[in-house]
Amino acid sequence: MSSPPILHLQDIHLTYGVTPLLEGAELSLSPGDRLCLVGRNGSGKSTLMKIASGEIEPDSGEVFVQPGIMVAYLEQDPDFKGYETIEECVLDGLMNNEDQQRAFQLMADLRLDPKAIIAPLSGGERRRTALAKLLAPDPDILLLDEPTNHLDLPAIEWLEQVLLQSRAAIVLISHDRRFMENVSRQTLWLDRGQTKIM
């Protein structure tokens, strides 16, 4: 018997202007699920992730997140506004000692200097900073939109191992086929506004 979902999107509709983007899309995630979300460019994959994260509201449909569940979302182009250093960004919002220790370990694993200024960072350094911030609080659900963008091979392999060992349920969008196949266990296809499990 499968566990009840900790995240459930049902009959999601969203229209941009006059163009329907999502027309009854669904997404259900139970503890330990590893789902890759696939579809053509412009099919609404990132939009569905933003709805799942609570960042945008659908026109209609139901979005359920089990109370007490922490959802963490890695967008394609993370926003570092308001942060001067990597440390300031990664530690923001971390209250307990365990999370802070995990944050410093993640920065070390990702070859990040906590005191480095964010503004001049390369794309790869910014992506690694975003990953450290995402993983530090040990969330229950990880929504990952192209997490390997700008990463070199050692960082990709490190991330793959971290995700395989993570207790979190995962939804993943990626053009890196090998990474996607290694991390995910199920495929959700988004086509013409609707989703189906492959």
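That block above? That's the structure.
In this report, we go over the structure that sits alongside the text. From a predicted model like this one, the values you see are computed outputs, not experimental measurements. (Residues numbered from 1 in each chain as written. Predicted model: local features only at pLDDT ≥ 70, side-chain atom pairs only at ≥ 80, totals over all residues. Heavy atoms only, no water.)

With respect to the sheet that holds strand 7 (residues 169-173)
Taken together, six strands build an open sheet; the order of strands is 5-6-7-3-8-9 and the sheet is mixed. The open sheet terminates on both sides in strands that have one partner only, identified here as strand 5 (71-74) and strand 9 (194-197). For this sheet the average axis-to-axis angle between neighbouring strands, irrespective of direction, equals 20°. By the bridge criterion, four bridges tie strand 3 (residues 34-38) to strand 8 (residues 186-191) in an arrangement that is parallel. Within strand 8, the residue paired with L35 across the bridge is Q186. Packing against the sheet, helix 4 (residues 123-135) makes contact with strand 5 and strand 6 (141-145), and its axis sits at approximately 175° to strand 5. (Pairing = 2+ DSSP bridges. Helix = DSSP H or I, 4+ residues; strand = E, 2+ residues; numbered from the N terminus. Axes fitted to C-alpha atoms, helices over the stretch in contact; angles between N-to-C directions. Contact = heavy atoms within 4.5 Å.)

Quick look at the layout of surface pockets
Approximately 420 Å³ is the volume attributed to the largest pocket. Lining the largest pocket are 20 residues, and of these Y73, L74, A130, K133 and L134 lie nearest its centre. Per element, the largest residue contribution to the lining of the largest pocket is four residues, and it comes from strand 5. (1 Å grid on protein atoms, 1.4 Å probe; cavity = no way out; pocket = protein on both sides within 12 Å on 5 of 7 lines; lining within 4 Å. Points joined across faces, edges and corners; volume = space filled by probe spheres on them.)

Overview of the side chain of S184
By secondary structure assignment, the location of S184 is in the loop between helix 6 (177-183) and strand 8. Among the residues examined, S184 registers a relative accessible area of 15% and is labelled buried. At 2.7 Å, the side chain of S184 and the backbone oxygen of M180 are in polar contact. When near neighbours in sequence (up to four residues on either side) are disregarded, S184 contacts R34, L35 and C36. (Buried < 20%, exposed > 50% of the residue type's maximum accessible area, 1.4 Å probe, protein only. Polar contact = N/O pair within 3.5 Å; in protein donor to acceptor, adjacent residues only side chain to side chain.)

By themselves, these are just geometric observations and shouldn't be taken as functional.
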